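Coordinate inspection notes
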Amino acid sequence: MPGCRFCVYFKGRNSLYMSRSLLTLITVFFFWGFVAASNDILIPVFKEHLNLEQWQAQLISFAFYIAYTVGSLIYYLISASRGRDILNEIGYKNGIALGLVISAVGTLLFVPAANNGSFALMISGLFIVGLGFSLQQTAANPLAINMGDPAKGSQRLSLAGGINNVGTTIGPVLVSLAIFGSVSSENTTASMESIKIPYLILGAAFILVALLFKFSSIPDQLENDKSGIEEASVIDSDSSASRSVFSYPQLRMGMIAIFLYVGVEVSTAGNLSDYLKQEFGMKTSEVAPFISLFWASLMIGRWTSAAGAFAGGKVKMILGFILPYLAFGLFLFVNFIVNHDIRPFYYYAFIIAVVIIADLLSREKPALQLLIFSLLGIAALMVGMFSTGMISIYAFISVGLFCSTLWPCIFTLAIAGLGKKTNQGSGLLIMMIMGGGLISLLQGYLSADHLLGIRFSYWVGVICFAYLAFYALRVNNVLRSQGITYNKGQESH
């Protein structure tokens, strides 16, 4: 029976079956990163052709991120009105497949948007793509956490996040080549019609992967048995069915944590360009590889943390050193083939060693890893603000390294012990992705010369990291009071 096959995996058997399912699952993580990072290519194209103000062009990012919030609210309200969770009703892989189809519909709007030069149609298309991603994320994140030993759920989510950042690394390059590939070096404009081709190809890919999910061996339900949870020293002592999802403090605080985490990640990258231009006089063409390294840093950190999802012991330690430098090599290669000067980035290899050491110190404990990486994020921002030259640049870029594992850590801790409320909790966490739009706007406002200025606007990020460190300390006690712990070898109460 399929259900039994899912159960025996938690007891350490049939791991090949689940490994294949996990590999299928993480394909959607690639799409999320590909589209999110590629949005930055659309902004200057539409701004130029439609004579938009800067704030109007930024509606591209706003429409995409706000779609996550709207999608999550729709999901929550429909589930509440029906008295049962949507994903529990239609199944997880069906939910992901449906989300992919919704996103594919959104890409179709790029055709009339490009043909008619319609900004409204274009951002509507991106909004619909984001709605589909919202449903995919609501299903895929808890599924990745639960497809194996719960104690290693954050590492599997780090692996998936690493695939997401492969998309953020190569997405802008491929979309840029598709749009500007036929344009000479003297002319940096492109026709509106060139925009629709890459997104139509992307829509076709969504449909193909939706079919793959529909007929895959991915579980349709989370296995809600205690055998798998107890093996990770997690005891669900409450009957979650009779409790409101908001009665769980780990989730309430986790929603704020996700809001601030996405906020500090997006705002650090979003304001880095202006920092490099104002403080170092760089041109836009010179800024691009530095922004690329920030997003690649998330991939580097997530590949480091994901080593534990493949193996244990000495093999895990070896992979923990090899994988981050493979990710760094991918960044160098991608930028080399598009003729960026990669020589300024060689010394970044020494900073990568810091994230490797931090990962070893975290000992596969999500709360401890969240604490260590948040404190390192604070240190990186402080060094960036109070230093000069390449040290300052490297410090701000390294925030990507220390943001890399925060999503899986927060997500794992926030949904711990929710039982049948897991899907609702997941949807509420996805809703808080809106922090990426709002926190970046706040920092952008404070970066004005008559306020904090671009350099010291990064105090916003320090405050965000400070809350994340607090959450790491507080959530451990909250979970222990409920008889839940992900710390190996620690007794449950």
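**Things to note about a nonpolar patch on the surface**
Where nonpolar side chains cluster on the molecular surface, the patch consists of Val101, Val105, Ile207, Leu208, Leu211 and Phe215 and spans about 580 Å² of accessible area. Top contributing element to the nonpolar patch by residue count: helix H11 (residues 196-214), with three residues. Taking relative accessible area as the criterion, Ile207 reaches 35% and is therefore assigned partly exposed.

**Section: the nonpolar core**
One finds Leu25 and Tyr471 to be the most contacted residues of the largest nonpolar core, which totals 142 residues. The leading source of residues in this core is helix H13 (residues 249-280), at 15 residues. In contact with Tyr471, not counting residues within four places along its chain, are Gln250, Met253, Gly254, Ala257, Leu370, Ile410, Leu413 and Ala414.

**Some remarks on the pattern of salt bridges**
What the rule picks out here adds up to three salt bridges. Residue Glu89 is joined to Arg82 by a salt bridge in which the shortest nitrogen-to-oxygen separation is 2.7 Å.

**Section: the confidence of the model for the chain**
Any segment with low pLDDT has predicted coordinates that should not be analysed in fine detail. Looking at the chain as a whole, the pLDDT averages 78, with 78% of positions reaching at least 70. The lowest-confidence element of the chain is helix H12 (residues 226-230), averaging 35 in pLDDT; the highest-confidence one is helix H18 (residues 366-385), averaging 94. In the model, residues 1-18 has pLDDT below 50 throughout and makes 30 contacts with residues more than four positions away in sequence or in other chains. A low-confidence stretch, residues 182-189 stays under pLDDT 50, and its non-local contacts, those more than four residues away or across chains, total six contacts.

**Here's the deal with the packing of aromatic side chains**
Applying the stated rule across the entire model yields 21 aromatic pairs. With centroids separated by 4.2 Å and ring planes inclined at 0°, the aromatic side chains of Phe110 and Tyr199 adopt a geometry described as stacked. Of the two residues, Phe110 sits in helix H8 (residues 110-116) while Tyr199 sits in helix H11, which places them 89 residues apart along the sequence. The class of Phe110 is buried, set by a relative accessible area of 0%. Taken together, a centroid distance of 6.3 Å and an interplanar angle of 55° make the contact between Tyr261 and Trp407 tilted. Here Tyr261 is found in helix H13, whereas its partner Trp407 is found in helix H20 (residues 406-414), with 146 residues between them in sequence. On the accessibility criterion, Tyr261 (2% relative accessible area) is buried. Among the aromatic residues, ring-to-ring pairing joins Phe290, Phe328, Phe331, Phe345, Tyr348 and Tyr394 into one connected group.

**Structural notes on H20**
An α-helix turns once per 3.6 residues; consequently, residues spaced three or four apart project the same way. Most of H20 is tucked away: nine of the nine residues are buried. Every buried residue of H20 is listed here: Leu406, Trp407, Pro408, Cys409, Ile410, Phe411, Thr412, Leu413 and Ala414.

The rules we used
- Residues numbered from 1 in each chain as written.
- Predicted model: local features only at pLDDT ≥ 70, side-chain atom pairs only at ≥ 80, totals over all residues.
- Heavy atoms only, no water.
- Patch = residues over 30% accessible without salt bridge, like charges linked within 9 Å, V, L, I, M, F, W, Y side chains within 5 Å.
- Areas by Shrake-Rupley, 256 points an atom, 1.4 Å probe, with all protein chains shown as cover.
- Salt bridge = Lys/Arg side-chain N within 4 Å of Asp/Glu carboxyl O.
- Helix = DSSP H or I, 4+ residues; strand = E, 2+ residues; numbered from the N terminus.
- Buried < 20%, exposed > 50% of the residue type's maximum accessible area, 1.4 Å probe, protein only.
- Core = buried A, V, L, I, M, F, W, Y, C linked by side-chain atoms within 4.5 Å.
- Contact = heavy atoms within 4.5 Å.
- pLDDT = per-residue confidence, 0-100.
- Phe/Tyr/Trp six-rings, centres within 6.5 Å; stacked < 30°, edge-to-face > 60°.

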